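If you want the building blocks of each chain, they are given just below.
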Amino acid sequence: MKSAPEFGAYPLAPPPAYSRWLASGFALLALAGVSSRVLRSFLQQDLVGPVVLMVAGVWGSAFLLRVLRYRLNRHNASVYAQTAQHIERAWWTQHRQQVALLESVLLGPQCSEPAHRSRFFGSYHPMPVAGQLGGGEVLRLPQVFGSDAAGRESQLARLLAVQWQKQTPDPASLTIQDCYWHGSAETWQAFSEQMSTSCPHVNLPPLPVVWNGIGTLDSVIDKIQNAPADTRILCAGCEAAVPVPGAALPAGEAAVLWVLAAEGHIRFFRGEWAGAGTDALDAAARRALQQAEIEGAVPACLATSASAIFDMGNMGWSSERYPIERRFGALPALGGMVVQTLAAWRAEMHGEPCAWLANDSHHTLALGIVEAHDSTT
């Protein structure tokens, strides 16, 4: 979890005890008056007045310095509090920045086009049947052939470009400024080659930036804040997991594509992350709610099976959970993007926030919230 700025209380000096100061002033003046009468025979007459005035001046200077010290302390405390509040407000403003999801493509064993999206948010659609490969169970796309994981990923990359062209009314109007890719250089080459055929007017760079989980999403949000309004960022990737004999979950495969912009209907907040331990996850979940300015529970959560050991109801999140592995299989590397895509779809379908909780390449778990904003507001 990112550390929010925290400021301790400014040390406050106690206010002057005015009654004591006044009492001590009168006492000093009285003592000076009495002393002047007693010592009048020993002092010159013209020295008595200056001595009394000097005593009064010393007292007055001490009292003035005490009041100034108190007022300066309060002024410094006020400036400190205003500065701390400004820093905290600026940090939260930056932490609450979002990025809009304009277009998304998700390919999986039961998903190849937008009409299939409703399958993932109810129990009335049958689960896919796992097959056997290399002594382990797998969930595979029926449109992709072969048993070699690298070859299947290249096919997935090409299929991803084809499906994006089908879903995008006019891809020629899109100008992609940056590209992020999750996968090997060979799969990016396959994706680029297919894009040059399916969408010849969309120019892609020779080499993309490597997609590296929630940290990369954070960088994309930073990058798009001050970019021109027509900035579009492409984030995509594919994975065909290798089956492991005796594994609890079948090895899955999927391909994902996002087109991100500064403004749009569906918006990703910056995510949070948590290390091992329930306390760390609870704190990150509370921060995600605070980040999205949501009071109460999030209506639903898309999650990987790695989150099953945590009680999300205690975190202020809905206990309604949609584990993705039952329909996509285990996706050790791409699971986060798949979960976020599904959360965005559910948020759009129901018009309410949806949380996501997934494994990450650098953290035990990553989590966040997706919102769907009314386009009329």
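Residues numbered from 1 in each chain as written. Predicted model: local features only at pLDDT ≥ 70, side-chain atom pairs only at ≥ 80, totals over all residues. Heavy atoms only, no water.

S.K.: Can you walk me through the overall build of the protein in this structure?
M.R.: A count of helical and extended segments in the protein gives 8 helices and 13 strands. Looking at the protein as a whole, 44% of its 377 residues are labelled buried. Of the contacts made within the protein by residues no fewer than 6 positions apart, 75% connect residues no fewer than 24 positions apart. Just so you have it, the protein exposes about 18,600 Å², and 58% of that area is on carbon and sulfur atoms. (Helix = DSSP H or I, 4+ residues; strand = E, 2+ residues; numbered from the N terminus. Buried < 20%, exposed > 50% of the residue type's maximum accessible area, 1.4 Å probe, protein only. Contact = heavy atoms within 4.5 Å. Areas by Shrake-Rupley, 256 points an atom, 1.4 Å probe, with all protein chains shown as cover.)

S.K.: Got a minute to help me understand the nonpolar core in this structure?
M.R.: Nonpolar side chains tend toward joint burial in soluble globular proteins. Core analysis: the biggest nonpolar cluster contains 40 residues, and W258, L260, F328, V338 and L342 have the highest contact counts within it. If you list the elements that add at least two residues to this core, you get β1 (98-107), α5 (214-225), β6 (232-240), β7 (253-261), β8 (266-269), α8 (335-350), β12 (354-358) and β13 (365-372). Every residue in contact with F328, bar those within four places of it in the chain, is listed here: L106, L107, G108, P109, F120, L139, G252, E253, A254, V338 and L342. One finds L156, W188, V202 and A236 within the second-largest nonpolar core, a separate group that totals 26 residues. (Core = buried A, V, L, I, M, F, W, Y, C linked by side-chain atoms within 4.5 Å.)

S.K.: Even after reading the chapter, I still don't get the packing of aromatic side chains, so can you show me in this structure?
M.R.: The geometry of an aromatic ring pair is captured by two quantities: the separation of the ring centres and the angle between the planes. Under the defined criterion, the tally for this structure stands at 9 aromatic pairs. The interplanar angle of 90 degrees and the centroid separation of 6.4 Å between the aromatic rings of Y180 and W211 together place this pair among those described as edge-to-face. Note that Y180 is positioned in strand β4 (residues 176-182) and W211 in the loop between β5 (209-210) and α5, a separation of 31 residues in sequence. Owing to a relative accessible area of 5%, W211 belongs among the buried residues under this scheme. An aromatic cluster is defined as three or more aromatic residues linked by ring pairs; in this entry it consists of Y180, W211, W258 and F268. (Phe/Tyr/Trp six-rings, centres within 6.5 Å; stacked < 30°, edge-to-face > 60°.)

S.K.: What is the right way to look at the environment of G135 in this model?
M.R.: With respect to the helices and strands, the residue G135 is situated in the loop between β2 (131-133) and β3 (136-138). Note on G135: relative accessible area 55%, which makes it exposed. Setting aside residues no more than four positions away along its own chain, G135 makes contact with P245 and G246.

S.K.: Looking at this structure, I do not really get the pairing of β13. What am I missing?
M.R.: Each regular strand carries side chains that alternate between the two faces of the sheet. Counting buried residues in β13 gives 7 out of 8 residues, a clear majority hidden from the surface. Relative to β13, β8 runs antiparallel, the two sharing 3 bridges. Across the sheet, residue I266 finds its bridge partner in β13, namely A372. Pairing of strand β9 (residues 272-274) with β13, which is carried by 3 bridges, proceeds in the antiparallel orientation. (Pairing = 2+ DSSP bridges.)

S.K.: Can you help me understand the packing of helix α3 (residues 149-167) against helix α4 (residues 185-198) in this one?
M.R.: When two helices pack together, their arrangement is given by the angle between the helix axes and the distance between those axes. Two elements in contact, α3 and α4, have axes whose closest approach is 8 Å; the angle formed by their N-to-C orientations is 30 degrees. By the angle between their axes, α3 is roughly parallel relative to α4. Here α3 runs over α4; the crossing is right-handed. Side by side, α3 and α4 meet where E153, S154, A157, R158, L160, A161, V162, W164 and Q165 of the first sit next to E186, T187, A190, F191, E193, Q194, M195 and S198 of the second. (Axes fitted to C-alpha atoms, helices over the stretch in contact; angles between N-to-C directions. Parallel < 35°, antiparallel > 145°, perpendicular 65-115°, else oblique. Left-handed = near helix turned anticlockwise from the far one by under 90°.)

S.K.: Any chance you could explain the pattern of salt bridges here in plain terms?
M.R.: When the charged atoms of two side chains with opposite charge come close together, those side chains can pair. Overall, the coordinates contain 10 salt bridges when judged by the stated rule. The shortest N-O distance in the salt bridge between E193 and R158 comes to 2.7 Å. Placement of E193 in helix α4 and of R158 in helix α3 is noted, with a sequence separation of 35 residues between them. Owing to a relative accessible area of 34%, E193 belongs among the partly exposed residues under this scheme. (Salt bridge = Lys/Arg side-chain N within 4 Å of Asp/Glu carboxyl O.)

S.K.: Got a minute to help me understand the environment of P208 in this structure?
M.R.: Structurally, P208 is set in the loop between α4 and β5. Note: C-alpha distance between P208 and H182 (26 residues apart in sequence) is 9.2 Å.

S.K.: Is there a simple way to explain the side chain of E325 in this structure?
M.R.: Structurally, the position occupied by E325 is in helix α7 (residues 325-328). An unpaired buried charge is present at E325: no salt bridge exists, and R326, the closest side chain of opposite charge, is 8.6 Å distant. (Lys, Arg positive; Asp, Glu negative; His and termini not counted.)

S.K.: How do you make sense of the environment of A248 when you look at a structure like this?
M.R.: Take A248: it is sitting in the loop between β6 and β7. For A248, a relative accessible area of 79% translates into the label exposed. Along the chain, A248 and G136 lie 112 residues apart, while their C-alpha atoms are 9.8 Å from each other.

S.K.: Please clarify how α8 should be interpreted in this entry.
M.R.: An ideal rise of 1.5 Å per residue puts 22 Å on 16 residues; α8 measures up with 22 Å between its terminal C-alpha atoms. Burial of α8 is extensive: 13 of the 16 residues sit out of reach of the surface. Where α8 terminates, the next one or two residues include G351, which has phi positive at roughly 65 degrees. (Expected span 1.5 Å × (residues − 1).)

S.K.: Which parts of the structure should I look at to understand unusual backbone geometry?
M.R.: The phi angle of most residues is negative, glycine excepted, and most peptide bonds adopt the trans form. Non-glycine residue E293 carries a positive phi angle of around 55 degrees. Mapped onto the fold, E293 is located in the loop between α6 (278-291) and β10 (301-303). E293 sits in the exposed class, given a relative accessible area of 61%.

S.K.: Could you clarify how one ought to interpret a nonpolar patch on the surface in this entry?
M.R.: Taken together, L22, F26 and L29 make up a surface patch of nonpolar side chains, about 320 Å² in accessible area. Mapped onto the elements, L29 comes out in helix α1 (residues 18-38). (Patch = residues over 30% accessible without salt bridge, like charges linked within 9 Å, V, L, I, M, F, W, Y side chains within 5 Å.)

S.K.: Help me out: how do you make sense of the state of the cysteines in this one?
M.R.: Note on terminology: a disulfide is the covalent bond linking the sulfur atoms of two cysteines. Applying the stated criterion across every chain, the model contains 0 disulfides. Unpaired in terms of disulfides, C301 finds its nearest cysteine sulfur in C354, a separation of 6.7 Å. (Disulfide = S-S within 2.5 Å.)

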